[in-house]
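What the coordinates show
Listed below are the residues making up each chain.
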Amino acid sequence: MTAQHHDRLLIIDFGSQVTQLIARRLRELNVYCEIHPYQTVTDAFLVGFAPRAIIFSGGPDSVTRAGSPRPPKSAFSLGVPILGICYGQQVMMHELGGLVESGDGTAEFGRAFVTPTDRKSHLLDGWFETGREQVWMSHGDHVSRVAPGFEVYGTSPGAPFAITADPDRNFFAVQFHPEVHHTPKGSKLYENFVRLAGFKGDWTMGAYRDEAIAKIRAQVGTAKVICGLSGGVDSSVAAVLIHEAIGDQLTCVFVDHGLLREGEASEVVSMFRDHYNIPLVHADEADLFIDALAGVSDPEIKRKTIGRLFIDVFQKHAAEVGGAEFLAQGTLYPDVIESVSFSGGPSVTIKSHHNVGGLPEKMGLKLVEPLRELFKDEVRALGRELGLPAHFIGRHPFPGPGLAIRCPGEVSREKLAILRRADAVYLDQIRRHGLYDEIWQAFAVILPVRTVGVMGDGRSYDFACALRAVTSVDGMTADYYPFCHDFLGETATRIINEVPGINRVTYDVTSKPPGTIEWE
């Protein structure tokens, strides 16, 4: 993964759960950056990558432990600015002659406040204008002596060296996490750092579009490309970008598994065939998928069944197209990052996902992944550059297994039909009230129970549904959206009146964690 025409910032990952947020903050500043696990960052890697600046991430380890993660010593002699965050600060101090200790009651977790010293640094331009600043801490160890050449610019009750810097070498270190939302002026600190490092801020989607098109043409030449189109934003943007590069050398296979939202399949077919004139195979295999899910209630078995059939269907229709040498995928940068285990061992599986991974080996195809350097918000920006409809680009995330995982318990045609209608009414309500863009994701779930109700003069015995709406920055954590009771009451009334088969509506107020955004 390279962006040779841009100044590049290297993020060395020491295992923090929020390292991706660092990259997102930098990309928002139009700075190109990449995350690499510390194990892979060697002296040779640094020479080849040639970063203009480096950031050391946080991490769960302790520098006081023998064998804990370290950056290569050559990082400090490159002559480029370095910013250390939390563990990154501690490892800087440790490696450069300071002291890090555990205990002594100086651990801090959560909200804290940093008070400035009388020293000034351009790293802190815009900080401390009204006194102390709120930050987010998460550390057990603490720096007890700064390394030679470093001065102190901010302190907190648990971190007497909360902000330190060696101004001669442009080395900066903070004990808190400026990348998280709970450090309100964190983005300003990153902005100051990249300005001090001399970044031009030239990482834009307009530039990326032109570079990606040239790269696709160079990679593919005159060969044919086949794209697995799910109908989601990622694969759609990838398909339109590739089509702009190579035209009718691209054929899309849209696997319609019958688990999409109301009107979604026809919208995808119409947009690609009629608006973009992209060759498209509409593989309508709803019966195959839904029949295979009959009697299946375990969510992992559902996902794996859908994933297996997706691959089978895609292979069948790709073979009918024939002659393709490349497979296009909508792989994003978070997928790339997460595919490399920080520890080198297996990570915990919360739930499995499915896409067309594994197909290149089975089909003997080479990969085209034009979005693998981008985060989700950058994909949306690229989609706008490519002229995709705003309502399509702005759609909430939708899971690959579709409505199957919004039907806890067994999936059936009856339940899917009820769920589609309830979901459509719910989203229509959200749009009518002007709330759609305030919400990260909203959807209905049909519950595997029937409840007694009173409809007119008679009793009903129908399904209950749950409504879910969350706010989030990146999907890693989320909180429920605080609808007013009038909205919920109006929505429940509409669903019960307009959706035969539902007589009870509930609202899910669980955050993530402890819950997940989806129900399965």
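Look above for the structure.
Overview of the structure. Since the model is a prediction, treat every value here as computed from it, not as a measurement.

What counts, and where the lines are drawn
- Residues numbered from 1 in each chain as written.
- Predicted model: local features only at pLDDT ≥ 70, side-chain atom pairs only at ≥ 80, totals over all residues.
- Heavy atoms only, no water.
- Buried < 20%, exposed > 50% of the residue type's maximum accessible area, 1.4 Å probe, protein only.
- Helix = DSSP H or I, 4+ residues; strand = E, 2+ residues; numbered from the N terminus.
- Contact = heavy atoms within 4.5 Å.
- Pairing = 2+ DSSP bridges.
- Right-handed = clockwise from strand over helix to strand, strands pointing away.
- Phe/Tyr/Trp six-rings, centres within 6.5 Å; stacked < 30°, edge-to-face > 60°.
- Salt bridge = Lys/Arg side-chain N within 4 Å of Asp/Glu carboxyl O.
- Disulfide = S-S within 2.5 Å.
- Axes fitted to C-alpha atoms, helices over the stretch in contact; angles between N-to-C directions.

Within helix 4 (residues 186–196), burial applies to Gly 186, Leu 189, Tyr 190, Asn 192, Phe 193 and Val 194. Against strand 1 (8–13), helix 1 (19–28), strand 3 (53–56), strand 4 (82–85) and strand 11 (171–174) lie the buried residues of helix 4. Trailing helix 4 by a residue or two, Gly 198 shows a phi angle of about 85°, which is positive.

Most of strand 1 is tucked away: six of the six residues are buried. The alternating pattern of strand 1 places Arg 8, Leu 10 and Ile 12 on one face and Leu 9, Ile 11 and Asp 13 on the opposite face, and all of these are buried. Direction of pairing for strand 1 relative to strand 2 (residues 32–37): parallel, over a ladder of six bridges. Across the sheet, the residue bridging to Leu 10 is Glu 34, located in strand 2. Traced from strand 1 through helix 1 to strand 2, the parallel crossover comes out right-handed. Pairing geometry for strand 1 and strand 3, over four bridges, is parallel.

Moving residue by residue along a regular strand, the side chains alternate between the two faces of the sheet. With six of six residues buried, strand 2 lies mostly within the body of the structure. By the alternation rule, side chains of strand 2 split into Tyr 32, Glu 34 and His 36 and Cys 33, Ile 35 and Pro 37, which are all buried.

The subject of this paragraph is the packing of aromatic side chains. Going through the model one piece at a time under the given rule, you end up with 18 aromatic pairs. With a centroid separation of 5.8 Å and 25° between ring planes, the pair formed by Phe 14 and Tyr 38 is classed as stacked. Within this pair, whereas Phe 14 is found in the loop between strand 1 and helix 1, its partner Tyr 38 is found in the loop between strand 2 and helix 2 (43–49), the two being separated by 24 residues in sequence. Given the relative accessible area of 1%, Phe 14 is considered buried. Look at Phe 172 and Phe 193: their rings are 6.1 Å apart centre to centre, the planes differ by 85°, and that puts the pair in the edge-to-face class.

Next up on the list: the pattern of salt bridges. Enumeration over the complete set of coordinates arrives at 30 salt bridges. Where Arg 395 meets Glu 264, a salt bridge forms, and the shortest distance between an N and an O atom there is 2.7 Å. Placement of Arg 395 in the loop between helix 13 (390–393) and helix 14 (413–432) and of Glu 264 in helix 7 (residues 264–275) is noted, with a sequence separation of 131 residues between them. In this structure, Arg 395 and Glu 264 share a single accessibility class: buried. For Glu 325, the salt bridge goes to Lys 366, with nearest N and O atoms at 3.9 Å.

Before going further, it helps to examine the state of the cysteines. Summed over the entire model, instances satisfying the criterion amount to zero disulfides. Looking at Cys 407, it has no disulfide partner, and the nearest cysteine sulfur is the one in Cys 465, 11 Å off. Judged by its relative accessible area of 0%, Cys 407 falls in the buried class. When its relative accessible area of 1% is taken as the criterion, Cys 465 is described as buried.

A sheet is described by the order of its strands in space; here five strands give the open sequence 14-13-12-15-16, paired in parallel fashion. Strands with a single pairing partner mark the edges of an open sheet, and in this sheet they are strand 14 (280–284) and strand 16 (366–368). Between one strand axis and the next, the sheet turns through 30° on average, direction left out of account. Across the sheet, helix 5 (residues 205–220) is in contact with strand 12 (224–229), strand 15 (324–328) and strand 16; its angle to strand 16 comes to roughly 165°. Helix 6 (residues 233–246) contacts strand 12, strand 13 (250–256), strand 15 and strand 16 of the sheet and is inclined by roughly 160° relative to strand 12.

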